Amino acid sequence: MPHRNPARRWFKKHLGEILAITILFLLPSAVAIIMGSWIAYFKTLVVLLVPLSLYRMKIGMDEHKFAHGFAWYMFSIIFLIICFAYIYSSGGLINSDGDIVTDAQTLVYFSIVTWTTLGYGDLQPVESIRIWAATEALVGYLYMAVLAGIIIHMLSIDEDHH
């Protein structure tokens, strides 16, 4: 019986994930170069990362590797919030005084508030990026629902073991 190389087995097992992550970072780079805009990079990255992170979480749940899947999921949430904040920098946000704000702290704050669908109303996106704010609210709603389901599932598994 021939000796199997463990590195080769690992590579074959994770080839799809390696290709997906490679595409995740190469395709947005190509779009950014073609469009001449790093905002295009982050927009493409968001579009690609959402399904990939949900798929990766499903694999983690199927393989009973909850910690790995959960860590990937939490990383993708933080990363997406930052990507959306960067997208908002392209037009800025309108504060309660009617001024356009583009500082990083405010953009991340708005992104978190939008992601969690709190919507305090102290800031609003300029018209050119409103669709991205709506997209973030929908994606955030979906991710938070899945996150709640994951936590409940993990607690029920822990309870079943006791």
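K.L.:
What should I look at first to understand the overall build of the protein chain in this one?
P.N.:
The helix and strand inventory of the protein chain stands at 5 helices and 3 strands. Listing the helices and strands of the protein chain from first to last along the sequence gives α-α-α-β-β-α-β-α. Counting only residues that meet the buried cut, the protein chain has 35% of its 162 residues in that class. Restricting to contacts in the protein chain with at least 6 residues of sequence separation, those with at least 24 account for 61%. Of the accessible surface of the protein chain, which amounts to about 10100 Å², a share of 68% is contributed by carbon and sulfur atoms.

K.L.:
Any chance you could explain the sheet that holds strand β2 (residues 100-101) here in plain terms?
P.N.:
As a general point, the strands of a sheet are linked pairwise by backbone hydrogen bonds and lie either parallel or antiparallel. Read across the sheet, 3 strands follow the order β2-β1-β3 without closing on themselves; strand pairing throughout is antiparallel. Every other strand in the sheet has two partners, leaving β2 and β3 (123-125) as the edge strands with one partner each. The pairing of strand β1 (residues 93-95) with β2 spans 2 bridges and is classified as antiparallel. Bridge pairing in β2 places L93 opposite V101. Lying on the sheet, helix α4 (residues 104-115) is in contact with β1, β2 and β3; it crosses β3 at an angle near 85 degrees.

What counts as what
- Residues numbered from 1 in each chain as written.
- Predicted model: local features only at pLDDT ≥ 70, side-chain atom pairs only at ≥ 80, totals over all residues.
- Heavy atoms only, no water.
- Helix = DSSP H or I, 4+ residues; strand = E, 2+ residues; numbered from the N terminus.
- Buried < 20%, exposed > 50% of the residue type's maximum accessible area, 1.4 Å probe, protein only.
- Contact = heavy atoms within 4.5 Å.
- Areas by Shrake-Rupley, 256 points an atom, 1.4 Å probe, with all protein chains shown as cover.
- Pairing = 2+ DSSP bridges.
- Axes fitted to C-alpha atoms, helices over the stretch in contact; angles between N-to-C directions.

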